[in-house]
Amino acid sequence: MPEGTSPRYNGSLPNGDRGRRKSHFSLFKRARANGVKPSTVHAVCSPQAAKAISNKDQHSISYTLSRAQTVVVEYTHDSTTDMFQIGRSTESPIDFVVTDTVPCRLSPAYRDSSTLFSQSTISRFACRIICQRHPPYTARIYAAGFDSSKNIFLGEKAAKWKTPDGLMDGLTTNGVLVMHPRHGFTQDSRASAWREISVCGNVFSLRETRSAQQRGKMVEKESHELRDGSLIDLCGVTLLWRTAEGLARTPSTKHLEVLRQELNAARPQCPVGLNTLAFPSLRGSGGSSGGSSGGSSSSGNRDAVLDAKQPWVYLKCGHVHGYHGWSGQSRRSQEDEDEEEEEQEQEMASVHEDAQEPGSSRERQCPMCRTRGPYVPLWLGCESAFYLDAAPPTHAFVPCGHVCSEKTAAFWSQIPLPHGTHTFHVACPFCMQPLRRERCFIRLIFQGPLD
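How each quantity is defined
Residues numbered from 1 in each chain as written. Predicted model: local features only at pLDDT ≥ 70, side-chain atom pairs only at ≥ 80, totals over all residues. Heavy atoms only, no water. Phe/Tyr/Trp six-rings, centres within 6.5 Å; stacked < 30°, edge-to-face > 60°. Lys NZ or Arg CZ within 6 Å of the ring centre and 35° of its normal. Salt bridge = Lys/Arg side-chain N within 4 Å of Asp/Glu carboxyl O. Helix = DSSP H or I, 4+ residues; strand = E, 2+ residues; numbered from the N terminus. Pairing = 2+ DSSP bridges. Polar contact = N/O pair within 3.5 Å; in protein donor to acceptor, adjacent residues only side chain to side chain. Contact = heavy atoms within 4.5 Å.

A. Spotlight on the packing of aromatic side chains. With the rule as written, the count across this model stands at 17 aromatic pairs. Aromatic rings pair up to connect Phe-185, Phe-386, Tyr-387, Phe-397, Phe-411, Trp-412 and Phe-430 into one cluster. Above the plane of the ring of Trp-161 lies Arg-215, whose end atom (NZ or CZ) is 4.3 Å from the centre.

Below, the structure is given as structure tokens:
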């Protein structure tokens, strides 16, 4: 069965995997089918409607048209499918708990889970995925999930309507958006249009804003069937859907470790200090400990400790160095120059703090080519499900410094991810840091050993 991956913090959550809250999760056939399908439609005042809503053993969706008019759609058991629900709620109906993806590193205010939840834009019961229990194990996504009473309520202000066949349909407050890359998740992948999925699984063009009451136009030629590489946005977190077949073609974590060892075996050197550089282990970089076939990710934090061998890069030119205090000719004011000596003494003490905010380091001049630009540490991208190929890690995202293969960097650099209620931006899949518009990634230039 397929796997979903939440692209944040380079393969692991800040506090590690805990129960149903994971950095990635796998879907397997349940011991007993729990899928449901629409059955009977009831008017609001009928005894059947009241019974369907109050019956905790009966799944139902309520559409409130007005204070005096509600339509209830009863759902019955479907022995051919399994249902998996995703949302912010920690209640038992939710199989996979997700939280908002904060770009880069969590700020102190967000480290408290109650603060994060109070500011969240993700629905408590965001969506449900229905999977066929038999080959080809087709998976389809629907907006909204059933709560502890097995009900879905669409209030009076929610976008809803009657369909031509006499049934009902609607959209959730902030919507569930899906994008299927052209040519799947391959080296030929290209971005396609984002669409919104309704409660009944119909496909629509995007609303003017995420919470607008006016729905977009129905796109009849497109489907809510998930494919390898489909992106699911829940207004606060974006999930990458990988199929079992797709993951079989994806480099495993073991292969990424081999690439890391080969890179270190080449003994890249710092052109200034002439010391040998080495990428830390994937576990030390906050990576997943599981293979590419699924499973839970490592409980380790992304807050890896920088050491003397850590590779750093000048983001304008791509020259790789070890960490050094030389910054070249300065363009700062005389007042800044007076503080130079004090800054140099404090620089090494604050290097780890600087590295936690990619792109925040002040500009420096590359000793090799005299190009000025940000100077950041390099980290290997650890979540193997984000890779398009098994090629060596030769490129880095700008400004965060996460390293991956060229085709992987090129793919994610042209994928617009939803941001806020009506905008999109490209971002590093390993940390969700927005990429620079003028140059999303760079080729790394290593210096080999002099001997």
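B. Layout of the pattern of salt bridges. The tally for this structure, following the rule as stated, stands at 9 salt bridges. In this structure, Asp-82 engages Arg-133 in a salt bridge whose closest nitrogen and oxygen atoms are separated by 2.8 Å. Of this pair, Asp-82 sits in strand β6 (residues 81-87) while Arg-133 is found in the loop between β8 (127-132) and β9 (139-143), placing the two residues 51 residues apart along the sequence. The partner of Glu-196 in a salt bridge is Arg-207, and the shortest N-O contact between them spans 2.6 Å. Remark: Arg-207 occurs in the loop between β15 (203-204) and β16 (231-233) and Glu-196 occurs in strand β14 (residues 195-197); sequence separation between them is 11 residues.

C. Structural detail: the sheet that holds strand β7 (residues 96-97). The strand order across the open sheet built from 4 strands is β7-β6-β8-β9, with neighbouring strands paired in mixed fashion. Among the strands making up the open sheet, the edge pair consists of β7 and β9. Two strands pair when backbone bridges link them, and β8 and β9 are joined in this way by 5 bridges, in the antiparallel orientation. The residue bridging Cys-127 from the neighbouring strand is Ala-143, located in β9.

D. Fine view of the side chain of Asp-228. Structurally, Asp-228 is set in the loop between β15 and β16. Within the local environment of Asp-228, its side chain forms a polar contact with the backbone nitrogen of Thr-243, the two atoms lying 3.1 Å apart. Look past the residues within four positions of Asp-228 in its chain and what remains in contact with it is Gly-184, Phe-185, Trp-241, Arg-242, Thr-243, Gly-246 and Arg-249.

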